[in-house]
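Commentary on secondary and tertiary structure
Here is how the chains run, residue by residue.
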Amino acid sequence: MSKFWSENTKRLQPYVPGEQPKFSNLVKLNTNENPFAPSPLVLQAMHDAVNGDLRLYPDPNADNLKQTVADYYGLQKSQVFVGNGSDEVLAHAFAAFFQGKQQLLMPDISYSFYPVYCQLYDVKPRVIQLDAQFAINSADYAGAVAGVIFPNPNAPTGCILPLAMIEKILQANPECVVLVDEAYIDFGGVSAVKLIADYPNLLVVQTLSKSRSLAGMRVGLALGQAELIEGLERVKNSFNSYPLDRVAQAAAIAAFKDDGYFRSTCKKVIDNRIWLTEQLRQLGFEVLPSYANFVFACHVEKAAEEIAVFLRQHGVVVRHFQQARIDNFLRISIGTVEQQQRLIAVLKELLMK
Ligand SMILES: Cc1ncc(COP(=O)(O)O)c(C=O)c1O
């Protein structure tokens, strides 16, 4: 604590990201990265972008990327916003739509960055309990004052809310923004993007970090009607005009263009999720039905923390949250077949001795 800090800085409790270990021989299943490399076309596009033009600023509006995303989703370019990872896009959404307001509705168990943005942007959250199955009950989300925010699929549970329920939440809150964070939507969910034409209060946020294997490039998106997007542009252009560098823009465009590669890696992740779920159940885990690139699992006898420590000692990292209601769960990212076999072998060592 320093006397030079502002009152707001003193109050902040920053988000703590999952560990990024410095050794390479770990089986890393703790931060929901994609186990597969980006498309070869993405790597080629990035390579091509590394040239003398790097002396020039990138396109501040990322027009080509926005047009590519708009074409992909059947939207207008004015309905697409891009930023430096979806975390930054979320931050701008808080500033543009929620700042200084009371009662932003969010689930008690969801992405732990939301409460951090609430502190940063002076938003009062109203936290709503998920039901006993960890599902969002749409009836609980009526009458928000600041707005509504939730991930779909939810994180860290992986559970999905059907579009019809999202529509109910949109209809119950015509006077405020409903932000649907679709970081994991491509692993089996149906995107709310198709509702954008009917709901001026819907903002869909997505990322290229998960399904498009580009966590290291930091590219996120927001999709919504043009007036919402204009609000985000105002904030972004008051903060950093060039959030996406030339290489990131080239990578993101190529990632959207190589749809075949994207679909095949998403399918592999889903197949591996089915295998992992089955294996974990055989070892006595309860596994929530997941639509994401991770599973959320709780062992019937062994404490989650003990399992996480044992795994870590044997070179496998997963995520354990010290939070009420979920402190006996582990969030395990979907890996390659080999990584998952290693995980299961270590678990067998612990649970079958
Ligand atoms: C629900 C959710 N939203 C947003 C993000 C941020 O993703 P990124 O900033 O890499 O786009 C994450 C990252 O794990 C997430 O789990």
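The structure contained in this document is the topic of the report that follows. Everything quoted here is computed from the prediction, not taken from an experiment.

1. Considerations on the site of the ligand
Around the ligand lies a shell of 13 residues, among which S86, D181, Y184, T207 and S209 are the nearest. A distance of 2.7 Å is found between an oxygen atom of the ligand and a side-chain nitrogen or oxygen belonging to S209. The biggest single contributor to the shell around the ligand is helix α4 (residues 85–98), with three residues. Looking at the shell around the ligand residue by residue, the classes come out as five nonpolar, four polar and four charged.

2. Side note on the nonpolar core
Among soluble globular proteins, nonpolar side chains are generally buried collectively. Ranked by internal contacts, the top residues of the largest apolar core, which has 59 residues, are L65, F150, L202 and L223. For this core, the element with the highest residue contribution is helix α8 (residues 246–257), accounting for eight residues. When sequence neighbours within four positions are dropped, the list of residues in contact with L202 reads L170, V178, V180, A192, L195, I196, L223, G224, Q225 and L228. By size, the runner-up hydrophobic cluster in this structure holds 35 residues, among which are C266, L276, A308 and V316.

3. Considerations on the sheet that holds strand β3 (residues 102–107)
Here we have seven strands laid out as an open sheet, ordered β2-β8-β7-β6-β5-β3-β4, and mixed in their pairing. What marks the edges here is a single partner per strand, and that holds for β2 (80–83) and β4 (124–128). Strand-to-strand twist in this sheet, taken as the mean axis angle between neighbours without regard to direction, amounts to 20 degrees. When strand β5 (residues 147–151) meets strand β6 (residues 177–181), the two strands line up parallel, connected through five bridges. Each bridged residue has a counterpart across the sheet, and for I149 the counterpart in β6 is L179. Against the sheet, α4 touches β2, β3, β5, β6, β7 (202–207) and β8 (220–224), its axis set at about 160 degrees to β7.

4. Focus: the sheet that holds strand β10 (residues 294–299)
Pairing within the open sheet is antiparallel, and its three strands lie in the order β9-β10-β12. The sheet is open, and its two edges are formed by β9 (285–287) and β12 (330–333), each paired on a single side. The mean inter-strand angle of the sheet, taken between neighbouring strand axes irrespective of direction, is 35 degrees. Sheet analysis places β9 next to β10, joined by three bridges and oriented antiparallel. For F285, the partnering residue across the bridge sits in β10 and is H299.

5. Quick look at unusual backbone geometry
That bond from N152 to P153 is cis: its omega, -5 degrees, falls within 30 degrees of zero. Looking at the element boundaries, P153 is found in the loop between β5 and α6 (163–172). In this structure, the amide linkage connecting A155 to the following residue, P156, adopts the cis form with an omega of 10 degrees. Within the secondary structure, P156 sits in the loop between β5 and α6. Of note in the backbone geometry, N32 takes a positive phi value of approximately 55 degrees without being a glycine. On the secondary structure map, N32 appears in the loop between β1 (27–28) and α2 (40–49). For R218, which is not a glycine, the phi torsion comes out positive at approximately 60 degrees.

6. Remarks on the pattern of salt bridges
Opposite charge on two side chains permits pairing when their charged atoms draw close. Within this structure, the stated rule accounts for nine salt bridges. The closest approach of N and O atoms between K124 and D122, which form a salt bridge, is 3.4 Å. According to the relative accessible area criterion, K124 is partly exposed, its value standing at 40%. Judged by relative accessible area, which is 46%, D122 ranks as partly exposed. Measuring nitrogen to oxygen at the nearest pair gives 2.8 Å for the salt bridge that ties D271 to K267. You can see D271 and its partner K267 sitting in helix α9 (residues 259–282), four residues apart, about one turn around the helix. Looking at D271, the relative accessible area reads 35%, which means it is partly exposed.

7. Here we look at the state of the cysteines
Here a disulfide denotes a covalent bond joining the sulfur atom of one cysteine to the sulfur atom of another. For the coordinates displayed, the defined rule picks out zero disulfides. Left unpaired, C176 is separated from the closest cysteine sulfur, that of C118, by 14 Å. Looking at the unpaired C266, the closest cysteine sulfur is the one in C159, lying at 19 Å. For C266, a relative accessible area of 5% translates into the label buried.

8. Thoughts on α4
For α4, with 14 residues, the first-to-last C-alpha span of 19 Å sits near the 20 Å given by 1.5 Å per residue. The buried fraction of α4 amounts to 13 of the 14 residues, a majority that puts the element mostly inside the structure. Phi turns positive, to about 75 degrees, at G100, one or two residues after α4.

9. What to know about the pairing of β10
The side chains of a regular strand alternate between the sheet's two faces. Counting buried positions along β10 yields six of six residues, so the element is predominantly enclosed. Burial along β10 is two-sided: F294, F296 and C298 facing one way and V295, A297 and H299 facing the other are all buried. What sits between the antiparallel neighbours β9 and β10 is a turn of six residues. Relative to β12, β10 runs antiparallel, the two sharing four bridges. Bridging across to β12, F296 finds its partner in R331.

How each quantity is defined
Residues numbered from 1 in each chain as written. Predicted model: local features only at pLDDT ≥ 70, side-chain atom pairs only at ≥ 80, totals over all residues. Heavy atoms only, no water. Near = heavy atom within 4 Å. Polar contact = N/O pair within 3.5 Å; in protein donor to acceptor, adjacent residues only side chain to side chain. Helix = DSSP H or I, 4+ residues; strand = E, 2+ residues; numbered from the N terminus. Nonpolar A, V, L, I, M, F, W, Y, C, P; charged D, E, K, R; others polar. Core = buried A, V, L, I, M, F, W, Y, C linked by side-chain atoms within 4.5 Å. Buried < 20%, exposed > 50% of the residue type's maximum accessible area, 1.4 Å probe, protein only. Contact = heavy atoms within 4.5 Å. Pairing = 2+ DSSP bridges. Axes fitted to C-alpha atoms, helices over the stretch in contact; angles between N-to-C directions. Salt bridge = Lys/Arg side-chain N within 4 Å of Asp/Glu carboxyl O. Disulfide = S-S within 2.5 Å. Expected span 1.5 Å × (residues − 1).

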